[in-house]
Amino acid sequence: MSTSEATAITRANIALAKYWGKSDVPLNLPAVPSISLTLDPMCTQTTVSFLSDLEQDEVSLDDQPASGRPLQRVVKVLDQVRALAGISRRARVRSGNNFPTASGLASSASGFAALVAASSAAAGLPRDDDRLSAMSRQASASAARSIYGGFVELPAGTPGDADLCARRLAPPEHWDVCIVVAVLAEGPKDVGSTEGMTLCEQTSPYYRPWIEASDALTDQVREGVLQRDLSKLGEAMEQSTLAMHACMMASRPGLLYWQPATLAALGAVKALRKQGIEVYSTMDAGPHVKALCHARDAERVASALADTPLVLRTLTARPGPDLELRQ
Ligand code: PMV
């Protein structure tokens, strides 16, 4: 029996300028640029072994055997890696997250980045982070950003640009900020991101205005990051979040991820700002609110959010490192 094995560790990320909308669905290219922060300690660890005695790919996610759509998405990535490496062996994949799926942080970003990195290394492909980022992007666009640590940008894609990858804007030590996640509800979300984006593009009168506004918002977020100017970044981040959600809400049927707790948490962030704390909120395709602040204020922000009615718990993250690979 011949074996080749590798393990990858990648971190979750949170978009500071949001990606929502695709310019090329088969290649999964984003219609807008996005900027994210890679988060420590929220990580996925994935081990891939290509084994000559396996008849089909075996995948376990958080110790549960995968089946249906999640299994198909993993096999699609493995097929791409096998085609590139010129191998046909099936794989055993074991993947686990150290943060719960219902935590308000997407596990698909770190999950697909770890799968692409571990399977490429196990198949004997030389490490090339731009290629890993481009392949991760095809599985889940936000995953392209989890290959790199710190502050990361994924440009908008021109249709046909199969090699589009994320790039590092600044390393994790560039700026001592924190993300405090206010977890507001348990359970999986109703509408996944791809379905939601298609619905918006086809039915929301605000889809085009959202796409047109996103370049300027991303420029302001980038300047805020590079100049370590939290107010500049935060204002654009809040507008990016609310513009994305306005676009979602105006689709038919309306896509409303908000819950009463969402408004309460957004209000708590605003109230902290009135007290002089530099803190700004963002949200993804779910009800949870994530607050960006200076590390020195993180405890105060976490305790104010934890004391907000309907908030279940909080998690605090710092800028995280690049992908780690072990063979
Ligand atoms: O990469 P996906 O398909 O999971 O989409 C992510 C979309 C948002 O989380 C709402 C925004 C983002 O840029 O991460």
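Conventions adopted
- Residues numbered from 1 in each chain as written.
- Predicted model: local features only at pLDDT ≥ 70, side-chain atom pairs only at ≥ 80, totals over all residues.
- Heavy atoms only, no water.
- Salt bridge = Lys/Arg side-chain N within 4 Å of Asp/Glu carboxyl O.
- Helix = DSSP H or I, 4+ residues; strand = E, 2+ residues; numbered from the N terminus.
- Buried < 20%, exposed > 50% of the residue type's maximum accessible area, 1.4 Å probe, protein only.
- Contact = heavy atoms within 4.5 Å.
- Disulfide = S-S within 2.5 Å.
- Phe/Tyr/Trp six-rings, centres within 6.5 Å; stacked < 30°, edge-to-face > 60°.
- Axes fitted to C-alpha atoms, helices over the stretch in contact; angles between N-to-C directions.
- Left-handed = near helix turned anticlockwise from the far one by under 90°.
- Nonpolar A, V, L, I, M, F, W, Y, C, P; charged D, E, K, R; others polar.

Some remarks on the pattern of salt bridges
Once their charged atoms are close, side chains differing in charge can pair, the charge on each being opposite to the other.
Right, on to step 1. A complete count under the given rule lists 16 salt bridges for this structure.
Right, on to step 2. Salt-bridge contacts for Asp 129 lead to Arg 127; the nearest nitrogen and oxygen are separated by 2.8 Å.
Right, on to step 3. Asp 176 is paired through a salt bridge with Arg 318; the nearest N and O atoms lie 2.8 Å apart. Note that Asp 176 is positioned in the loop between strand S9 (167-170) and strand S10 (177-183) and Arg 318 in strand S13 (residues 313-319), a separation of 142 residues in sequence.

Details of the side chain of Arg 11
Right, on to step 1. Secondary-structure assignment places Arg 11 in strand S1 (residues 3-17).
Right, on to step 2. What makes Arg 11 buried here is its relative accessible area of 10%.
Right, on to step 3. For Arg 11, the residues in contact, after removing those within four places along its chain, are Thr 38, Leu 39, Asp 40, Met 42, Cys 43, Ser 110, Ser 146, Pro 321, Asp 322 and Glu 324.

Side note on the state of the cysteines
Right, on to step 1. Tallied over the full model, the rule gives zero disulfides.
Right, on to step 2. Here Cys 43 is not disulfide-linked; the sulfur of Cys 178 is the nearest cysteine sulfur, at 17 Å.
Right, on to step 3. Exposure remark for Cys 43: the relative accessible area of 15% places this residue in the buried category.

Describing the packing of aromatic side chains
Right, on to step 1. Going through the model one piece at a time under the given rule, you end up with one aromatic pair.
Right, on to step 2. Ring centres of Phe 151 and Trp 175 lie 6.2 Å apart, and the angle between their planes is 35°; on these two criteria the pair is classed as tilted. Taken together, the positions of Phe 151 in strand S8 (residues 151-154) and Trp 175 in the loop between S9 and S10 put the pair 24 residues apart, joining distant regions of the chain. Taken individually, Phe 151 and Trp 175 each receive the classification buried, so the pair is uniform in this respect.

A closer look at the packing of helix H1 (residues 68-85) against helix H3 (residues 129-139)
Right, on to step 1. Between H1 and H3, the shortest axis-to-axis distance is 10 Å and the interhelical angle comes to 145°. By crossing handedness, the relation of H1 to H3 is classed as right-handed. Residue-level inspection shows Arg 73, Val 77, Gln 80, Val 81 and Leu 84 of H1 in contact with H3, the latter providing Arg 131, Met 135, Gln 138 and Ala 139.
Right, on to step 2. Its residues assigned to classes, the contact of H1 with H3 shows five nonpolar, two polar and two charged.

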